[in-house]
Amino acid sequence: MASEACFLVLGRGLSCTKPRARPPIARLRPSLRVSGKMRNRNLSSQQKRQQAKRVPSRQFPLNMDTQSHNNDSSEAQESSVVGISRSGQKTISSDDADSDINREMNVAVLTPEETSILIENDVRQEHSSIRLEDLISMIRNAEKNILLLNQARIHALKELDKILSEKEALQAEINNLEMKLAETDARIKVAAQEKINVELLERQLEKLKNEMSLRNSVKEGKHGILDCESPLMLELNDLRKENELLNDDIQTLKLKLADISETEEHVSLLGKEQSALKASFRELQYQFANAQDDVSKLDSLQCECKALSIKVENLQELFDNARQKLDHPSLDLQQYHELQKKVDKLEASMTETNMSKFPSEKFHNYDEILQQKIDILEKRLQESDLEIHSQIEMFQESVREFHHTLTKLKEESEKRSQESSLENIPREFWSRLLLIIDGWLLEKKISPNDAKLLREMIRKKDAQIHDAFLASRSKNEHEKVAMFLKLTYSRKSPGLHIIHIAAEMAPVAKVGGLGDVVSGLGKALQRKGHLVEIILPKYDCMEYDLITDLKALDVVVESYFDGQMFKNKIWNGTIEGLPVYFIEPHHPAKFFWRGKYYGEHDDFKRFSFFSRAALELLYQAGKKPDIIHCHDWQTAFVAPLYWDIYAAKGFNSARICFTCHNFEYQGTAPASELASCGLNVHHLNRPDRMQDNSAHDKVNPVKGAIVFSNIVTTVSPTYAQEVCTIEGGRGLHETLKSSSKKFVGVLNGIDTDAWNPSTDNYIRVQYSADDLQGKAENKDALRKLLKLSSSKVTQPLVACITRLVPQKGVHLIRHAIYRTLELGGQFVLLGSSPVAHIQQEFESIANHFQSHSHVRLLLKYDDALSHLIYAASDMFIIPSMFEPCGLTQMIAMRYGSVPIVRKTGGLNDSVFDVDDNTVPVQYRNGFTFITPNEQGLSNAMERAFQYYIRSPESWQQLVQRDMRLDFSWNSSATQYEELYERSVARARAMTRV
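By convention here, each chain's residues receive numbers from 1 onward along its written sequence. Side-chain atom pairs in this predicted model are given and counted only at pLDDT of 80 or more, local residue features only at pLDDT of at least 70, and totals for whole chains, interfaces and linings cover all residues. Where side-chain values are given, they derive from all heavy atoms of the structure, hydrogens and water being excluded.

**Q** Tell me about the sheet that holds strand E4 (residues 531-537), and name the residues and values.
**A** Any two strands between which DSSP finds at least two bridges are classified as paired. Helical segments are the DSSP runs of H or I of at least four residues, strand segments are the runs of E of at least two, and each set is numbered from the N terminus. Pairing is mixed in the open sheet, where nine strands are placed in the order E5-E6-E7-E4-E3-E8-E9-E12-E13. Strand pairing shows two members of the sheet lacking a second neighbour, strand E5 (548-561) and strand E13 (743-745), which therefore form its edges. Neighbouring strand axes in the sheet, compared pairwise and without regard to direction, differ in orientation by 25 degrees on average. Sheet analysis places E5 next to strand E6 (residues 564-575), joined by nine bridges and oriented antiparallel. Across the sheet, the residue bridging to threonine 548 is threonine 574, located in E6. Only the stretch in contact is used when fitting a helix axis, every axis being a line fitted to C-alpha atoms; angles between N-to-C directions are given from 0 to 180 degrees.

Quick look at the structure:
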């Protein structure tokens, strides 16, 4: 039933109406025509032409009867083809019916009226039977047609997907073309303006030409008139000659005047030189007088030196006497020892001889006499000892007095020389400084207190203010004021108040290098005397056991988000000596109770909420920090929030410093999401503010921080240069170029307390640059732990500790494994990948080398094991595609593992090739390559292996040199300190204007 109904639907123009009752067999004839029509589509053009000849041009086949295969049927069925002509007459052909039963019919195209008439006639005609096989074949044909339709639909959907992807690519191209179009429009406008200017110039030129032509015509007319009057012509010629003579005279006079002006200038220069010579002569006279005074002082000093030399001679005599006296007691002491030996011998002989032979009284007397002599000697010895000690004390006191007098004379001499150099400066210099300070005070560029301090320094002729003035001569007015205010600030303030707002901090919440920077830089600044505080989210997955005195404060801070106020619970504690505040939002989304730090679908909301809550905490606590330092896109919201919202509330004491640790991660999101934290989307979604440079409907937090911060830094000088290019800037190169005056690269440091092989508890044997035996023992311990071969003690061990992501050059790390084996070394890898296919690839490599005696891949992160690998390895591979800073090369060198790196970013700033003759020898500390391919890495590895094998002593010197390099945070913290103080001083200068 279903098949017949389906086929009936196809036969009647693909109608979706299902018949209510089983139709007569005769009603299936339209489907036969449809099937014939479908089969007719597959006929060749030749068959179609033959059938066209056989069938009249305007005759339409109406039905077709087939002979039954039932043998019980007694009646023969006739088959006829009924056609209707234009005149309405019927034509019947019965002779060819049986022969055409099994032949496909050609069906002509019918109009709707003719089709309805034929269907009605077919319904009226009934036949006794129809072949079942034909019905089944027709049903199958229909099903095939349906399958073809479905396949065509699937193909159409695939084509639609391709079209959509092409549409997206075209949209991106359209965006780029729109940007180029805007640039072209600007150029067209400039060209149009230039064209207008050219047209104006052409018009002016035409006017000048017309005027010249008029003048020429007038002259020609005059000449025509003068030709007629010869006397006038003669007069005119005379006048012309006179005029020419006058012009010549004028030219000669001009030349003379030029000579006179040059002579006057020369005379003025000579006058200036004369005045300068006079001034220098006066200064020389003044210096000569001072020199005479110095000569007289030198005479007095010479007298003092003579007196001191006499004292020294006296002291030398005393010393000699003391030595002689020391010699006498030593002789007495020797005599005493000899007598003591004689006494011992006598006592021994007395015990051996018969005591009865000697009278007891004589023996007793003899013993008393000896005892008296011994007592006398002991007294003499004590007296000599006392005398020796007194002489030594006198000598030491004399020596101390001599050194004290000498150092005092040196200090006085240095002080006199410094004072004399400042005294030699003319009084006009200090008077000019006083006038400058008074002028700034009257112009309200500095406060009265600052002016008082600066005047006091001028009165004392302080060398600092002298140096500051000389250094500021080439600077503008604001920079000069900032430099002088910096002198007063250093005298008044013991340190800066610095607050870091970050998403990570080692060791409690660390994902990458950001956590190390926050803790390392904070501790270094704290050691320099600054007040440093940290604000972090209170993650549920932090290492709480590393936080000291963690407690919840009895305060609730409310912050705005999504149109309402949310409460935040505040915690505090100390991490490695740094005070830290933790913010726990009471938000239904549980922003920081997700079991991980990053990687959530709502990270933009999570960290914009945290940035607003952190500023709200500072505002409600009444803190007045000098610097607020935010890091990466997660806290980049702090900069626009501070200046757009909180500065208007009076919380404006701080300067904002923003550090981007990796420009690959910028946190872009739809512009509408920016409104959640209270920022004005319409105000900030602009090209000069937070609008993303590649998608105008999105905002870029990193771009916003660059625009709104007072200081912008990244983690190495070379990376700062790379991100200002199209390839390295990730779309922000133009923004960074426009902010180049406040953008600087500062190389990160490492925590030398945590990474110290002489105190490291994670390694098997502690060692130092002076004693490298422990490094060999750690190498042996790692081999045993990882079940690597220990047959060759000197076999080089190559290590790599990294995240397996494309940035780190995973294809080169893979190549390094096999190349190390070819060069005869051992390889150890520690690290994992968040990218599934990379993790799977290295898992297959690890399985391949699972039982290998020279390779081991540990696809995880293990902090304790990393310490041992650093201590055991001889070489360390870092083939990064780009590397903002990199800390592993610094840690490796700290543990005596020589780095093999690609010259990019911070690697280029910290590793210098041993074969680079342009670098001083004491700074050559590793092996580098430039081209990021297998050949470049192989060349560097080959050079390292040759150096290791052929020159063991040179290799050991290289290791010791690397271990003594200073990669601590001290130098980096000093650079940040200077940036902070300069920004604060500049801000104070601006407030005085």
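Back to the text.
**Q** Residues and numbers for the confidence of the model for the protein chain, please.
**A** Confidence of the predictor at the level of single residues is captured by pLDDT, which takes values from 0 to 100. Put simply, the protein chain has an average pLDDT of 78, and 68% of its residues get 70 or more. Residues are treated as being in contact if the distance between any of their heavy atoms lies within 4.5 Å. Predicted confidence for residues 1-109 stays below pLDDT 50, and this span has 122 contacts to residues more than four positions away or in other chains. Counting contacts from residues 222-229, a segment whose pLDDT is below 50, to residues more than four positions away or on other chains yields four contacts.

**Q** Give me the packing of helix H20 (residues 810-822) against helix H25 (residues 934-950): which residues, what numbers.
**A** Close contact between H20 and H25 brings their axes to 10 Å; oriented N to C, the two are set at 40 degrees. Here H25 runs oblique to H20, going by the angle between their axes. When you trace H20 past H25, the crossing you get is right-handed. Residue-level contacts link Leu812, His815, Ala816, Arg819 and Thr820 of H20 to Glu934, Leu937, Ser938, Met941, Glu942 and Phe945 of H25. Just so you know the grouping, Ala, Val, Leu, Ile, Met, Phe, Trp, Tyr, Cys and Pro go in nonpolar, Asp, Glu, Lys and Arg go in charged, and all remaining residues, Gly too, go in polar. Considered class by class, the residues forming the contact of H20 with H25 number five nonpolar, three polar and three charged. With respect to orientation, any angle under 35 degrees is reported as roughly parallel, any angle over 145 as roughly antiparallel, any angle of 65 to 115 as roughly perpendicular, and every other angle as oblique. Put simply, a crossing is left-handed when the front helix is turned counterclockwise from the back one by less than a right angle, and right-handed when it is turned clockwise.

**Q** Quick one: what's the story with helix H14 (residues 638-646), residue by residue and with numbers?
**A** Burial analysis of H14 places seven of its nine residues in the buried class, which makes it a mostly covered element. A simple rule labels every residue: compare its accessible area, found with a 1.4 Å probe on the protein chains alone, to the largest value its type can have, and call it buried under 20%, exposed over 50%, or partly exposed in between. Those residues of H14 lying buried are Val638, Ala639, Pro640, Leu641, Tyr642, Ile645 and Tyr646.

**Q** Account for the sheet that holds strand E17 (residues 875-878), naming residues and giving values.
**A** The six strands lie next to each other as E16-E15-E14-E17-E18-E19, forming an open sheet whose pairing is parallel. In the strand order of this sheet, the two ends are held by strand E16 (855-858) and strand E19 (927-929), each with one partner. Looking at each pair of strands side by side, their axes are set apart by 15 degrees on average, direction ignored. Inspection of the sheet shows E17 paired to strand E18 (residues 898-902) by four bridges, in the parallel sense.

**Q** Any chance you could break down the pairing of strand E3 (residues 497-501) for me, citing the residues and the numbers?
**A** Taking burial as the measure, the five residues of E3 include five buried ones, the bulk of the element. Both faces of E3 are covered, namely the face carrying His497, Ile499 and Ile501 and the face carrying Ile498 and His500. With five bridges joining them, E3 and E4 adopt parallel strand pairing. Note that in E4 the partner of isoleucine 499 across the bridge is glutamate 533. Crossovers are described as right-handed under a simple rule: with the strands pointing away from the observer, the path leading from the first strand over the helix to the second runs clockwise. Taken together, E3, helix H12 (residues 513-527) and E4 form a β-α-β motif whose crossover is right-handed.

**Q** Hey, could you go over the pattern of salt bridges for me, with residue numbers and the actual values?
**A** By definition, a salt bridge exists where a carboxyl oxygen of Asp or Glu is found within 4 Å of a side-chain nitrogen of Lys or Arg. Enumeration according to the criterion identifies 21 salt bridges in this entry. Aspartate 751 is paired through a salt bridge with lysine 523; the nearest N and O atoms lie 2.6 Å apart. Here the residue aspartate 751 occupies a position in the loop between E13 and helix H19 (773-786), and lysine 523 occupies one in helix H12, the gap between them amounting to 228 residues. Note on lysine 523: relative accessible area 12%, which makes it buried. Here the salt bridges share partners, and the residues they tie into one network are Arg594, Lys596, Glu600 and Asp602.

**Q** Go over the environment of asparagine 449 with me, naming the residues and quoting the values.
**A** One can find asparagine 449 in helix H9 (residues 448-459). Judged by its relative accessible area of 55%, asparagine 449 is exposed. Expressed as a C-alpha distance, the spacing of asparagine 449 and threonine 488, which sit 39 residues apart in the sequence, is 9.1 Å.

**Q** Explain the nonpolar core residue by residue, including any values.
**A** Ranked by size, the top nonpolar core spans 93 residues in total, and within it Ile501, Ile535, Ile628, Phe658, Phe663 and Tyr980 carry the most contacts. Sequence-distant contacts of isoleucine 501, that is, excluding residues within four places in its chain, are made with Ile535, Phe610, Ala614, Leu618, Ile628, His629, Cys630, His631, Thr635 and Val638. Put simply, buried Ala, Val, Leu, Ile, Met, Phe, Trp, Tyr and Cys residues joined by side-chain atoms within 4.5 Å make one nonpolar core. Core analysis: the second largest hydrophobic core is formed by 70 residues, Tyr767, Ile813, Ile869 and Met893 among them.

**Q** Please give an account of H12 that cites residues and values.
**A** Expected helix span is taken as 1.5 Å per residue step, with the number of steps being one fewer than the number of residues. Here H12 is 15 residues long and its end C-alpha atoms lie 21 Å apart, about the 21 Å a rise of 1.5 Å per residue gives. The element H12 is largely enclosed, with a buried count of 11 among its 15 residues. Buried within H12 are the following residues: Leu514, Gly515, Val517, Val518, Ser519, Gly520, Leu521, Gly522, Lys523, Ala524 and Leu525. Positioned one or two residues after H12, glycine 529 has a phi angle of 95 degrees, which is positive.

**Q** Please provide a residue-by-residue account of the environment of isoleucine 501, values included.
**A** Locating isoleucine 501 in the fold gives a position in strand E3. Assessed through its relative accessible area of 0%, isoleucine 501 is described here as buried. Expressed as a C-alpha distance, the spacing of isoleucine 501 and glutamine 634, which sit 133 residues apart in the sequence, is 9.6 Å.

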